[in-house]
Amino acid sequence: MKLHVIVVTITCLLGLAAFATLSGSDFSFELIGATATEKEARPETIISAEQQRARGAYLARAANCVGCHTAQSGRPYAGGRSLSTPFGTFITTNITPDKATGIGDWNEEDFWKAMHEGKSRDGRPLYPAFPYTEYTKVTREDSNAIFSHLQSLAPVAQHNPPNRVNFPYDFQPLLSLWRAVYFKPGIYQPDLSKSDEWNRGAYLVQGLGHCSACHTERNPLASMRSAAGETTLGGGQIMGSNWYAPSLSSSAEAGSADWPVGDIVQLLVTGVSPRATTSGPMAEVVGQSLQHLTKEDAHAMAVYLKSLRETKARSRASAPAPTEEVQNWLRQGARIYKQHCQDCHGASGQGAPGIYPPLAGNRAVTMTPPINVIRSVLNGGYPPVTAGNPHPYGMPPFAQALHDGEVALVLSYIRNAWGNRASLITAAQVDKSREGIH
Ligand code: HEC
Ligand code: HEC
Ligand code: HEC
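Residues numbered from 1 in each chain as written. Chains lettered and ligands numbered in written order. Predicted model: local features only at pLDDT ≥ 70, side-chain atom pairs only at ≥ 80, totals over all residues. Heavy atoms only, no water.

Draft legend 1. Structural detail: the site of ligand 3. Within the structure, ligand 3 sits among 24 residues, and Cys341, Cys344, His345, Asn362 and Met395 are positioned closest to it. Here an oxygen atom of ligand 3 sits 3.0 Å away from a polar atom, N or O, in the main chain of Thr278. The separation between an oxygen atom of ligand 3 and a polar main-chain atom of Pro383 is 3.4 Å. Counting residues per element, the ones that place at least two in the shell around ligand 3 are helix 15 (342–345) and helix 17 (371–379). (Near = heavy atom within 4 Å. Polar contact = N/O pair within 3.5 Å; in protein donor to acceptor, adjacent residues only side chain to side chain. Helix = DSSP H or I, 4+ residues; strand = E, 2+ residues; numbered from the N terminus.)

Draft legend 2. Highlighting the coordination of the iron atom of ligand 1. Among protein residues, the single donor to the iron atom of ligand 1 is His69 (NE2), with a metal-donor distance of 2.0 Å. Looking at where His69 falls in the secondary structure, it is placed in the loop between helix 4 (65–68) and strand 1 (82–85). (Donors = N, O, S within 2.8 Å, 3.2 Å for Na, K, Ca; no water.)

Draft legend 3. Highlighting the confidence of the model for the protein. With 86% of its residues at a pLDDT of 70 or more, the protein shows a mean pLDDT of 88. Here residues 1–41 is a poorly scored stretch, pLDDT under 50, and it has 50 contacts once near neighbours within four places are set aside; other chains count. (pLDDT = per-residue confidence, 0-100. Contact = heavy atoms within 4.5 Å.)

Draft legend 4. Representation of the site of ligand 2. Around ligand 2, 24 residues are found, and the nearest of them are Cys211, Cys214, His215, Ser279 and Met282. Within the contact set of ligand 2, a nitrogen atom lies 2.8 Å away from a side-chain nitrogen or oxygen of His215. Per-element tally for the shell around ligand 2: the top contributor is helix 12 (residues 280–288), with three residues. Of the residues that constitute the shell around ligand 2, the class distribution is 17 nonpolar, seven polar and no charged. (Nonpolar A, V, L, I, M, F, W, Y, C, P; charged D, E, K, R; others polar.)

Draft legend 5. Here's a closer look at the packing of aromatic side chains. Using the criterion set out here, one finds 13 aromatic pairs in the structure. Ring pairs connect the aromatic residues Phe130, Tyr132, Tyr135 and Phe183, which therefore count as one cluster. Over the ring of Trp198 we find Lys194, and its NZ or CZ is 4.5 Å from the ring centre. (Phe/Tyr/Trp six-rings, centres within 6.5 Å; stacked < 30°, edge-to-face > 60°. Lys NZ or Arg CZ within 6 Å of the ring centre and 35° of its normal.)

Spelled out as structure tokens, the structure:
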């Protein structure tokens, strides 16, 4: 790594910090070490320790703590899962109550500092691979409940391997600066012009559900906040992965403004709905977290998602001109479709309700960027196993069966058949996706 990279990075951050100061943001927050001043939410009723733990278990699921804090085939909550990003590989920590290696020595206050301020017990600022940028919206009462749940787990002795942060991001003052510019602690403030249900949905989506951690474009310094200090759900590629989390506010991507609330609820809790099927990281979110929401909470989330103001989709690549050459490609694609795909997805892309997703009129098929659709065909996959869809049918991977050119042809075909209109896919795009598969 060359010196100029550090210089550029630092200059860049200093520039941003200066900008934040000028624009009156909370730049001074980190530097003077102030703590949050919000009033803590007061529990409305006194609840027993047991009720608090049960509530904490529920909230921890809504926040999917276990999803990140569990290694593949590891003990739940004992950490060790690697999250790779362009900034390095972050390894989640042991949050079972083991005194030596977990958080057995922590108290409610220490835990609140982590959730609300993104600081470890010893004051070390944490990397935002831990989504405290969203969890900061969680109330003190809910934080305490999650803590009591974690403390009730069986302790697991498992040491935390160190993060492998790339140079120069391992230079701690850079993280402090980043936080000063991009992170503003503060619990969710209800919008009094909206219903209690809407506010509950917003609290879940923005806070515990940390949906924006994936569904928002990050700038090159991994921040989701715009210069105006807002986060959106406008869609973005997930850092360090080959998945695009579509915009939840654009009707061309995954916006649900024109869906019946019931269909949104169905998608969130079962992973499938008449208009969409969850795959990859979203299938994990549904399987590990959203399917466990109460009816009321799932409904509240859906009401909030449906209300998101329409935003423009990212520039849509236009559909191909119907030249003789293009028609010829699409005919070849149709042949591959008939041979490999039609049995499940149907002769007119209609799918089979509840079993195989339709491809006709499916936004996941025509979306820009096309990385998910390429990935679906290369890797195959399963919707999540949920109470509402206990035996999901899967899609076989075609990475071996078809070469890049064939995958490109069949994808170009399904993006332009049965009324679908979208850009053609090239063999080079497919090849690029193969590299990113892990
Ligand atoms: C997207 C992945 C992700 C999710 C979801 C997540 N964490 Fe973490 N968490 C991390 C990472 C990565 C770290 C380590 C950050 C670092 O080392 O700077 C971390 C660190 C922590 C720490 C600090 C531990 C220490 O020793 O300083 C606590 C406490 C914690 N997480 C609790 C939780 C809880 C509670 C939840 C659910 C409400 C949760 N995490 C959800 C990724 C995640
Ligand atoms: C770990 C990253 C991640 C998180 C966290 C996440 N999503 Fe997603 N989401 C994705 C990806 C990737 C897709 C695209 C794959 C797909 O269509 O299922 C997606 C797709 C979706 C879709 C469209 C489904 C479809 O097939 O059309 C909806 C709706 C959605 N997410 C809602 C949410 C909500 C609400 C939350 C928060 C409770 C959330 N997501 C949290 C990654 C994530
Ligand atoms: C054995 C049945 C089967 C076959 C054969 C099959 N698929 Fe699928 N396909 C599925 C299932 C099931 C899903 C849902 C997978 C998931 O949620 O991860 C799916 C998902 C998809 C998706 C993503 C749709 C969405 O809403 O996210 C696309 C695109 C797709 N298939 C295209 C194809 C193409 C192209 C072929 C042929 C090369 C093919 N499929 C062959 C069963 C099949």
